[in-house]
Amino acid sequence: MSPTSDDVPAAARILEGVAHRTPVLSSSTLDAQLGCSAHLKAENLQRAGAFKFRGAFTALSRLPHDDAVVAFSSGNHAQVVALAAALQGRAATIVMPSDAPAMKSAATRGYGAEVVAYDRRTEDRAALAARLAEERGAHVIPPFDHPDIIAGQGTAALELLQETGPLDLLFVPLGGGGLLSGSLLAAGLLAPGCRVIGVEPAAGDDVQRSLALGRPVTIDVPETLADGAQTTRVGDTTFAIIRERVESVITVADDALVAEMRFLAERMKTVVEPTGCLGLAGLRAWAQEHDVGGLRAGVILSGGNVDLRRFAALVG
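(A) Up close: the nonpolar core. Among the nonpolar cores identified, the biggest contains 35 residues, and Leu40, Phe171, Leu264, Leu280 and Leu283 are the most heavily contacted of them. Here this core gets six residues from one element, more than from any other, and that element is helix 12 (residues 278-289). Among all residues touching Leu280, those that are not within four sequence positions of it are Leu30, Leu40, Glu260, Leu264, Val299 and Leu301. Phe51, Leu170, Leu180 and Ala191 belong to the second-largest nonpolar core, a separate cluster that totals 30 residues.

Given below as structure tokens:
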């Protein structure tokens, strides 16, 4: 089933008192650089360091009590499913690529989940997760293509719009499409005039290609710093929502992500991972090509899970 806009506030009620209501950040320096008013939703400060906690907790909350779960993820979804399962007293098994950031693997284990490694270039993570779930009598919790996941992710944009009021533009990081499709549902409810733009890494432009062809396409694993957006195919449910509602999907290069990581650390004193900077890099690129004077723009900083040594090497 495809979620509707009404499912987003329903997810917000599930998350009330559990998920952090993350702050909305602003910077006069950033506004001056862009020529518009920018409002940054700091989901890097969410539980487990990413917006994905919202969708995971929502989806697990709708399962029978004590049922085990299996998930597959390069990092952030892994951590949030592990945390949500721990909070709900469930066993969790997480299928993670062998080259996932060490910090994310360690955090996933730290929340009490079992981690099963796989080779992202030779093995099918979804098939491995399905086999494990069947063996263990568990539920598979996909990272994005699930109605409860989508509704839960949409609560980040819902909160942003509740705090700022209607926005003219909203820039959202884009991998498998859970955050973008949820944000589109939230905007449709609270700010139907808002133009929502998805932002992919340049090496992982599968959604942009899919929109051009009118159907989801599969690409090779993209080589990008944005490990949270290294998806090879958009979800069927997420694509249907994106295709119907999105204003545009744009791409940004990895060096633009590093520049935004540096800006956010130096000028706004916040640590954001490369994937989390997609939205801000997208807004900056959009402002260079379009007249944004006097407009109010929202950005979702989707996560902050980056190894500090890697962060220092990138921004130093």
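After that view of the structure, there is still more to cover.
(B) Examining the sheet that holds strand 4 (residues 92-97) more closely. If you trace the four strands from one edge of the open sheet to the other, you get 5-4-3-6, paired in parallel fashion. Two strands lie at the open edges of the sheet, namely strand 5 (114-118) and strand 6 (139-141), each paired on one side alone. Going across the sheet, the axis of each strand differs from the next one's by a mean of 25°, ignoring polarity. Sheet topology note: the strand 3 (residues 69-72)/strand 6 ladder contains three bridges and is parallel. Counted as the bridge partner of Val69 is His139 from strand 6.

(C) The packing of aromatic side chains, seen in detail. Tallied over the entire structure, the rule returns two aromatic pairs. Taking the centre distance of 5.7 Å and the plane angle of 35° together, the rings of Phe53 and Phe57 count as tilted. Taken as a pair, Phe53 and Phe57 lie in helix 3 (residues 52-61) at a separation of four residues, close to a single helical turn. Judged by its relative accessible area of 9%, Phe57 is buried. Here the aromatic rings of Phe171 and Trp286 are separated by 6.0 Å at their centres, their planes lie at 70°, and the arrangement is edge-to-face. Here Phe171 is found in strand 7 (residues 169-173), whereas its partner Trp286 is found in helix 12, with 115 residues between them in sequence. Overall, Phe171 belongs to the buried group, its relative accessible area being 0%. Overall, the relative accessible area of 8% leaves Trp286 in the buried class.

(D) Quick peek at the packing of helix 7 (residues 147-164) against helix 8 (residues 178-190). Closest axis-to-axis distance for the helix 7/helix 8 pair is 7 Å, and the angle between their directions is 50°. The angle between helix 7 and helix 8 falls in the class oblique. The two elements helix 7 and helix 8 meet at a crossing, and its hand is right-handed. Between helix 7 and helix 8, the residues in contact are Ile150, Gln153, Gly154, Ala157, Leu158, Leu161 and Gln162 and Gly178, Leu179, Ser181, Gly182, Ser183, Leu185, Ala186, Ala187, Leu189 and Leu190, respectively. Here the residues of the contact of helix 7 with helix 8 sort into 10 nonpolar, seven polar and no charged.

Rules behind the numbers
- Residues numbered from 1 in each chain as written.
- Predicted model: local features only at pLDDT ≥ 70, side-chain atom pairs only at ≥ 80, totals over all residues.
- Heavy atoms only, no water.
- Core = buried A, V, L, I, M, F, W, Y, C linked by side-chain atoms within 4.5 Å.
- Buried < 20%, exposed > 50% of the residue type's maximum accessible area, 1.4 Å probe, protein only.
- Helix = DSSP H or I, 4+ residues; strand = E, 2+ residues; numbered from the N terminus.
- Contact = heavy atoms within 4.5 Å.
- Pairing = 2+ DSSP bridges.
- Axes fitted to C-alpha atoms, helices over the stretch in contact; angles between N-to-C directions.
- Phe/Tyr/Trp six-rings, centres within 6.5 Å; stacked < 30°, edge-to-face > 60°.
- Parallel < 35°, antiparallel > 145°, perpendicular 65-115°, else oblique.
- Left-handed = near helix turned anticlockwise from the far one by under 90°.
- Nonpolar A, V, L, I, M, F, W, Y, C, P; charged D, E, K, R; others polar.

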